Amino acid sequence: MSVSLETRYLEGFVRAHEWGALQEQVSAAHEALHSGTGLGNDFLGWLSLPTDYDKAEFARIQAAAERIRQDTDIFIVIGIGGSYLGARAAIEFLKSPLYNAKKKDTPDIYFAGNSISGTALKELLELCEGRRVSVNVISKSGTTTEPAIAFRVFRDYLERTVGHEEAKKRIYATTDRAKGTLKGLADREGYETFVVPDDVGGRYSVLTAVGLLPIAVAGCDIAALMAGAADAQKALADPDITRNDCYRYAAARNILLRKGRAVELMVSYEPCCAMLNEWWKQLYGESEGKDGKGLFPASVVFSTDLHSLGQFVQDGSNMLFETVMQFGRAPEDMVIEEDADNVDGLNFLAGRAMSEINRKAFEGTVLAHSDGGTPSLVLNIPAIDEHSLGYLIYFFEKACAISGYLLGVNPFDQPGVESYKRNMFALLGKPGYESEKAALEKRLGRE
Ligand code: PA5
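For clarity, every value in this text was computed on a predicted model and none was experimentally measured. (Residues numbered from 1 in each chain as written. Predicted model: local features only at pLDDT ≥ 70, side-chain atom pairs only at ≥ 80, totals over all residues. Heavy atoms only, no water.)

Draft legend 1. A look at the packing of helix α10 (residues 222-235) against helix α15 (residues 386-407). Two elements in contact, α10 and α15, have axes whose closest approach is 6 Å; the angle formed by their N-to-C orientations is 45°. Of the possible angle classes, the one that applies to α10 and α15 is oblique. Along this stretch, α10 crosses α15, giving a crossing that reads as right-handed. Contacts between α10 and α15 involve Ala224, Leu225, Ala227, Gly228, Ala229, Asp231, Ala232, Gln233 and Ala235 from the first element and Glu386, His387, Leu389, Gly390, Tyr391 and Tyr394 from the second. (Axes fitted to C-alpha atoms, helices over the stretch in contact; angles between N-to-C directions. Helix = DSSP H or I, 4+ residues; strand = E, 2+ residues; numbered from the N terminus. Parallel < 35°, antiparallel > 145°, perpendicular 65-115°, else oblique. Left-handed = near helix turned anticlockwise from the far one by under 90°. Contact = heavy atoms within 4.5 Å.)

Draft legend 2. Quick look at the packing of aromatic side chains. Counted under the stated rule, the structure contains 21 aromatic pairs. Ring geometry for Tyr84 versus Phe111: centroids 5.9 Å apart, planes at 55°, classification tilted. Placement of the pair is Tyr84 in the loop between β2 (74-78) and α4 (85-94) and Phe111 in strand β3 (residues 108-112), with a sequence separation of 27 residues. Given the relative accessible area of 16%, Phe111 is considered buried. Ring-pair connections join several aromatic residues into one group, and the members of that group are Tyr249, Trp279, Trp280, Tyr284, Phe395 and Phe396. For Lys104, the ring lying beneath its charged end belongs to Tyr99, and the centroid distance is 5.0 Å. Geometry around Phe425 places Lys430 over its ring, the cationic atom sitting 4.1 Å from the centre. (Phe/Tyr/Trp six-rings, centres within 6.5 Å; stacked < 30°, edge-to-face > 60°. Buried < 20%, exposed > 50% of the residue type's maximum accessible area, 1.4 Å probe, protein only. Lys NZ or Arg CZ within 6 Å of the ring centre and 35° of its normal.)

Draft legend 3. Geometry of the pairing of strand β7 (residues 263-268). Taken across its 6 residues, β7 has 6 buried, putting it largely inside the fold. The alternating pattern of β7 places Val263, Leu265 and Val267 and Glu264, Met266 and Ser268 on opposite faces, both of which are buried. Pairing of β7 with strand β8 (residues 296-301), which is carried by 6 bridges, proceeds in the parallel orientation. The residue of β8 that forms the bridge with Glu264 is Pro297. For the handedness criterion, the β-α-β arrangement of β7, helix α12 (residues 274-288) and β8 is classed as right-handed. (Pairing = 2+ DSSP bridges. Right-handed = clockwise from strand over helix to strand, strands pointing away.)

Draft legend 4. The pairing of strand β10 (residues 376-383), seen in detail. Of all the 8 residues making up β10, 7 are buried; the element is thus mostly covered by neighbouring parts of the structure. As defined by bridge partners, strand β1 (residues 4-6) adjoins β10 across 3 bridges and the pair is classed as antiparallel. Note that in β10 the partner of Ser4 across the bridge is Asn380. The sheet contact formed by strand β9 (residues 320-329) and β10 spans 7 bridges and is parallel. Residue pairing in the sheet places Val324 in a bridge with Val378 of β10. Crossover handedness for the path β9 to helix α14 (residues 354-372) to β10: right-handed.

Here is the structure:
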């Protein structure tokens, strides 16, 4: 029950000897990662997390999720970047992108604090009216502006609607073990808190309380998720790229980048993968895109986007390669019925499952794109379930770390994210940023 990499569609794009040439670098990256001697080595907690996690906290997460499922109609998850993408990806993947609209015995789940849109926040508040609300505010630093604004609004909403004491019982804070504004507030108010471990960065944190609490509230089996990740941890420890598909994926990306393929397009044929794509984009974009280097991570859902971006992939500039996620089993399937009149001419599909037709769409597309000059990697994933997702999460995290080391960057920091914040704070007149304001105003044409 593992994720495997198929490289047959690289034929004509990558020659056999190119793999061997990269093995030495992959082995060095593996050694740096496992001995903790590489860049960013104080953020390697995710590497052993599937087996080495706080079991008592895990039990508390399950208990809190059970309580929330009982006493809550609408669960608001406040966080941005790595503090929300993993949870949202997992819920949409395992339950459905239509999770909130479906009949279920678990709360609706909405995500807030991932933009600065007053419109979005107001709409969400309106949805909460007359319903039992609980909030999970997630911020490792405890100071990020977007979630801090949303949390101020929802804390105020809860205190107004259910009173201060009840609000305290309905707020769950996931943050640093000891420091930060949110930790201080949580301690003062007595919120139940969960920990983002010091050595796990935001985008690698989905298998901590950051992801696990919302995922469990949605009714997903988080023990199976961890078991899948633990299987990956065990299976993906061999430095040899002929035996380790995770490392072969990292190597393939690197080979293709060196050939000028600057964009990796993550492809899936299941709409439930749209947010998984977003999680993957943050993981790779923030980990690799630095020092003037990196692949640009982009994504599509086919066949939907074959009708929008398919033209470019087939026929446009040769800047990209595709990585296709293919699933062995989908939770649901449908068979096309025979129609006596056949007015739509679709009887050639009668008796066939949608999954088979979708598979043929993939096969036709991957060959067409290859003919058009776009190479593809294919990840075969056993199923759309918790075990496979846990495995896949670990697979992508480890491949990302190895890819970063192959590029010679620190895959665990994100210095570039600070630039917009400095400018925004200066322009907003935040204390401490006064010296930068005048120059920025001038560049904006305001003397
Ligand atoms: O991956 C990262 O480190 C970032 O995307 C963070 O998760 C994001 O900026 C949110 O940070 P915080 O959890 O400190 O609010």
